[in-house]
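Residues per chain, in single letters:
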Amino acid sequence: RRPVRMRTVEADLEWLDLVLSWGTKWNDARGKYLLSENPVRGYPIPSESNPRRPVASEDRYQAVRAAAEGITTRNGRRTYLPELLDLANATGRRLSAICRLTCADLRLSEGPYGSIRWPAATDKLGREATVFLSPVARAAIDRVLAERPGIGPVPLFPGPEPQRPISRFLADSWLRRAEKLAGLAAAGAAKGHARV
């Protein structure tokens, strides 16, 4: 037997809570509820402070990145996925943090290729950091700004409402389409999270 991590316990307990909650709302043929109340309601569910996340290999990144060029929106427009993938690969940041970048976070005159100020609100540990860009990351930023120039607190990757950034869920759906197009199974599909 192998011990499991706390994230597995958390997921199993969340499932149990959902099943028992369902039992308090479902009636049998005689109109009686299966359970009068949820016996685990109110008990805290443990959580893992640093859950493991799947990490993509360089080969996987290259295959998905190539397929990303063919992903379009419903109205046939090019998506931000290639730039999102380049920034995720070059910076190690999560898609959700990258999606929430604004033009005000860019410091393109600082450092050899510029830098990005990552706000504390988008950091897993709640820390603000300014990090130098690599040539690949700078090229991705330049492509974004060439297509969608902006100044100040406007989203670098605007969503359907231009003043709001795209959601990580939309970026994740693009990523899953690119993985499928590349002939790869989704990374982290069990929990609905794909990380690059």
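The rules we used
- Residues numbered from 1 in each chain as written.
- Predicted model: local features only at pLDDT ≥ 70, side-chain atom pairs only at ≥ 80, totals over all residues.
- Heavy atoms only, no water.
- Core = buried A, V, L, I, M, F, W, Y, C linked by side-chain atoms within 4.5 Å.
- Buried < 20%, exposed > 50% of the residue type's maximum accessible area, 1.4 Å probe, protein only.
- Helix = DSSP H or I, 4+ residues; strand = E, 2+ residues; numbered from the N terminus.
- Contact = heavy atoms within 4.5 Å.
- Phe/Tyr/Trp six-rings, centres within 6.5 Å; stacked < 30°, edge-to-face > 60°.
- 1 Å grid on protein atoms, 1.4 Å probe; cavity = no way out; pocket = protein on both sides within 12 Å on 5 of 7 lines; lining within 4 Å.
- Points joined across faces, edges and corners; volume = space filled by probe spheres on them.
- Nonpolar A, V, L, I, M, F, W, Y, C, P; charged D, E, K, R; others polar.

Trainee: Which residues make up the nonpolar core, and what are the values?
Mentor: Formed by 33 residues in total, the largest nonpolar core has its most connected members in L81, L84, I98, I141, L156, F157 and I166. Mapped by element, the contributors of at least two residues to this core are α2 (58–68), α3 (81–91), α4 (95–99), β2 (115–118), α5 (135–147) and α6 (168–181). Non-local contacts of I98, meaning those with residues more than four positions away in its chain, are made with L84, L87, A88, T91, R93, W118 and F157.

Trainee: Pulling in residues and values, what's your account of the packing of aromatic side chains?
Mentor: Counting across every chain of the model gives three aromatic pairs. Their ring planes at 55° and their centres at 5.5 Å tell us that Y80 and F157 sit as a pair that is tilted. Residue Y80 is located in the loop between α2 and α3, and its partner F157 is located in the loop between α5 and α6; the two are separated by 77 residues in the primary sequence. For Y80, a relative accessible area of 11% corresponds to the buried category. Since its relative accessible area comes to 0%, F157 is described here as buried. Members of the aromatic cluster, each reached through a chain of ring pairs, are Y80, F157 and W174.

Trainee: How would you summarise the layout of surface pockets if you had to cite specific residues and measurements?
Mentor: The calculated volume of the largest pocket comes to roughly 510 Å³. T73, R77, Y80, P158 and W174 are the residues nearest the centre of the largest pocket, which is lined by 18 residues in total. For the lining of the largest pocket, the element with the most residues is α6, which contributes three residues. The residue inventory of the lining of the largest pocket, partitioned by class, reads seven nonpolar, five polar and six charged.

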